[in-house]
Every structure is written in C-alpha cells, then in structure tokens.
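Notes for the structure review
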Amino acid sequence: QSALTQPRSVSGSPGQSVTISCTGTISDVGGYNYVSWYQQHPGKAPKLMIYDVSKWPSGVPDRFSGSKSGNTASLTISGLQAEDEADYYCCSYAGSYTLVFGGGTTLTVL
Amino acid sequence: EVQLVESGGGLVQPGGSLRLSCSASGFTFRSYALHWVRQAPGKGLEYLSAISANGGSTYYADSVKGRFTISRDDSKNTLYLQMSSLRAEDSAVYYCVKDALYYYGSGSYLDYWGQGTLVTVSS
C-alpha cells in the first residue's frame, strides 16, 4: 500500500488560512469517507485533529476543518496561530483492514 | 484521562527479539481495538498492526507480517508487540494507539496515542 501524497511543507502568517492536501486513490481516500488528520509537535506523540473526513474530536478548535473531493482530502487551518506550527499527517482506510498514512506536511507559521 | 504508556524499547542486535508493552488507563480497555504505529527517525508514520477489542482478530502490515505478533491482556490492561528477526529498518519510535471503535478497519480512527518507545536495531 503506497503512502498518501502530501506537500512536504506549507507556510502562512498568523491569522491567515492554509490548506494541506492529501492525495490518494479510489482504493483509499476516494473510496471511503474515513480520512483522519493528526498533528505532531516535535518530540511529541501525534494528536487526532479530524476524523471521518470532517468531524472534530472534542477539544479541537473549529479553526481546523476537513473536506474531501474525489481522491484528495484537505485540512484547512484558519486563523493561524503560532502553536499550529507542527507536522500534519493524513490517514485513510484503504480496505482489507489496513490504514495508510500520508508522508506528512510541515506547517511553518511565519 | 486516557493514558497509554509504552515500555520495552532499547538497543537490540539485528536478528534479535524484543517485546514492547503498553499499559493503558482511563478507559474501558476491553471495549476498544488497539494499534501499533511506528515512526523512523525524521520520517513519517507507518501503520503496523491492530487487534480487535476481544483479541480475536489481528492485522499486520506486510513489512512486519510473520515477524511481529500483537496481543493483549485485558486483565492487566496491557497491549503487547512481540518483535523478532529484527532488522535495521525496524529502528523507530513505536506508538501504542487506541482506536475509537471496538473493531479495527473500516471506520477506525486513532483517538489517543502513547508517547512512544524507541527501538534501535544495530550491531
């Protein structure tokens, strides 16, 4: 199972919005509404930010939003804050009980 | 508060074995599927293995199939990963992860992660 494709890095200024894409195939992202997003600060464990494409776990601010079109899922962070600077990983169900992650995107808040 | 605490990592020689443990608290352990995910130094996340809440079903990624065994002891609220025939490319931080569901697979999402334990395979 190949990893999902994410941009290596994105950046934005405080208060702006950024979008991170996650491209797969019909066998994963395009075939299921089971995309999740994880935030990872350096040296820390990943944290769930979005599940089932666009749902928020409790405690995650609604500045984070998810969507999907075809084989590409997206995470949009609005009103960027300094603490949003982190690595972000998408993850999709890929059939046959497996999950597949994206390669990760480093978000820099300028 | 959900807590997952991994242990058992360390330095092991190629071809060696290691057993990782994950002690869980703050939730009804027997009601949720559990997973192992690893991250090589400076790299991304790699999905490895899963076990259903009742322990009756397991999944392994091709990269570890036949070498790693996942298990759980509900009486001890502990998840395990027995690793054998270790290779240099198995060097990584290994995360214990809770699923939001009883079964892994379709609909799974990983709602709580441990802090990880580092495994280094080197001679």
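Residues numbered from 1 in each chain as written. Chains lettered and ligands numbered in written order. Predicted model: local features only at pLDDT ≥ 70, side-chain atom pairs only at ≥ 80, totals over all residues. Heavy atoms only, no water.

In this section: unusual backbone geometry. Residues and elements named next belong to chain A. One non-glycine residue, V53, lies in positive phi territory at about 70°. With respect to the helices and strands, V53 occurs in the loop between β4 (47-50) and β5 (64-69). The backbone of S96 shows a phi angle near 50°, a positive value even though the residue is not glycine. Summarising the element assignment, S96 is placed in the loop between β7 (86-93) and β8 (99-101). On the basis of relative accessible area, S96 is assigned to the exposed category, the value being 60%. (Helix = DSSP H or I, 4+ residues; strand = E, 2+ residues; numbered from the N terminus. Buried < 20%, exposed > 50% of the residue type's maximum accessible area, 1.4 Å probe, protein only.)

With that settled, consider the interface of chain B and chain A. In this complex, chain B contributes 20 residues to the contact, which on the side of chain A involves 19 residues. Contact between chain B and chain A buries roughly 1,700 Å² in total, counting both sides, with carbon and sulfur atoms accounting for 65%. In this structure, the connection of chain B to chain A is made through zero salt bridges. Where the side of chain B that touches chain A is concerned, the elements lending two or more residues are β4 (34-39), β5 (45-51) and β10 (110-113) of chain B. Broken down by class, the residue content of the side of chain B that touches chain A amounts to nine nonpolar, eight polar and three charged. (Contact = heavy atoms within 4.5 Å. Buried area = accessible area lost by both parts, 1.4 Å probe. Salt bridge = Lys/Arg side-chain N within 4 Å of Asp/Glu carboxyl O. Nonpolar A, V, L, I, M, F, W, Y, C, P; charged D, E, K, R; others polar.)

Here B:S106 is to be found in the loop between β9 (92-99) and β10. Those residues within four positions of B:S106 in sequence are excluded, and the remaining contacts are A:Y34, A:Y93 and B:L101.

Residue and element names in this part refer to chain B. Mapped onto the elements of the fold, H35 is located in strand β4. A polar side-chain atom of H35 sits 2.8 Å from a polar atom in the side chain of Y47. Within the structure, H35 has its side chain in polar contact with the side chain of D99 (distance 2.7 Å). Sequence-distant contacts of H35, that is, excluding residues within four places in its chain, are made with Y47, S49, A50, L79, Y95, C96, V97, K98, D99, Y104, S108 and L110. (Polar contact = N/O pair within 3.5 Å; in protein donor to acceptor, adjacent residues only side chain to side chain.)

Shape is all these values report; function is a separate question.
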